[in-house]
Amino acid sequence: MNLDFSQITPYIPFMLEGIWVTLKFVAVALIVGFILGTLLALCKISNIKPLNWFAIAYTSIFRGTPLILQLMTFYFAIPQLTGYDISPFLSAVLAFGLNSAAYISEIIRAGIQAVDKGQTEAAMALGVPYRQMMKDIILPQALKNILPSLMNEVITLTKESALVSTISVLDLMRRAQVVGADIYRNFEPLLFVGLIYWIMVFGLSTIGKVLERRLKVSDQS
């Protein structure tokens, strides 16, 4: 175990800057995934067949192909097909956001269908418009039920974000690789960055548990 962490000490600020790159990318991808995933979930429970088919096909494609393939497709194929030079960050946001939307749509769909049908029937009997019913009655209850699953998706996306290092986004993983190549020692920077990922995931898990407890308290009160 010939470890020498003193060699990575000068590079620690450089690697720590990757936290903000990673968090920014994950946050934007999650916003894209949540908005699109909600729309897809509504399409899946809609009575309009073309919307059902589109949402099902979308989910099948993005869940049935590797995420790394989707990332490479956005980064390499779009410039080839369109002549537009897409940035690594935008490629990563699109790939992860669209992929996450497929999983989030299934989570939200299951949450909506878990809400008592009597709620929907009562709202319809009172003449509540469909959009208002979903926004004010169904979705808030569904979100309480699916919060643990949504937090798991956030954690998964945070860990899988390391894949963006393959297209040269200077996230945590890529910076560890740069440092390793510079000092000819890979284990120390990888271990250091692995610790940072663990702290981030632990923090997200703690936030999720706090939110769950608060929701339980609000339900009981």
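Residues numbered from 1 in each chain as written. Predicted model: local features only at pLDDT ≥ 70, side-chain atom pairs only at ≥ 80, totals over all residues. Heavy atoms only, no water.

This next bit is on the confidence of the model for the protein chain. Close reading of the predicted structure is inappropriate where its pLDDT is low. Residues of the protein chain with pLDDT of at least 70 account for 97%, and the chain-wide mean is 88. Per-residue pLDDT, averaged within each element of the protein chain, yields its smallest value for helix α5 (residues 117-125) (77) and its largest for helix α2 (residues 49-64) (94). (pLDDT = per-residue confidence, 0-100. Helix = DSSP H or I, 4+ residues; strand = E, 2+ residues; numbered from the N terminus.)

Our focus in this paragraph is the packing of α5 against helix α6 (residues 130-160). The contact between α5 and α6 brings their axes to 11 Å, and the two run at 165°. The orientation of α5 relative to α6 falls into the category roughly antiparallel. The handedness of the crossing between α5 and α6 is right-handed. The segment α5 lies against α6, with Q119, T120, A123 and M124 engaging M133, I137, I138 and Q141. (Axes fitted to C-alpha atoms, helices over the stretch in contact; angles between N-to-C directions. Parallel < 35°, antiparallel > 145°, perpendicular 65-115°, else oblique. Left-handed = near helix turned anticlockwise from the far one by under 90°. Contact = heavy atoms within 4.5 Å.)

Moving on, we come to unusual backbone geometry. For S168, which is not a glycine, the phi torsion comes out positive at approximately 70°. Locating S168 in the fold gives a position in the loop between α6 and α7 (172-183). Classification of S168 by relative accessible area gives partly exposed; the value is 45%. The backbone of Y184 sits at a positive phi, close to 60°, despite the residue not being glycine. Mapped onto the elements, Y184 comes out in the loop between α7 and α8 (187-220). (Buried < 20%, exposed > 50% of the residue type's maximum accessible area, 1.4 Å probe, protein only.)

Below, the discussion takes up the pattern of salt bridges. Using the criterion set out here, one finds 5 salt bridges in the structure. The shortest N-O distance in the salt bridge between R109 and E106 comes to 3.1 Å. Taken together, the residues R109 and E106, both in helix α4 (residues 88-114) and 3 residues apart, mark about one turn of the helix. With relative accessibility at 21%, the residue R109 sits in the partly exposed group. Salt-bridge contacts for R185 lead to E188; the nearest nitrogen and oxygen are separated by 2.8 Å. (Salt bridge = Lys/Arg side-chain N within 4 Å of Asp/Glu carboxyl O.)

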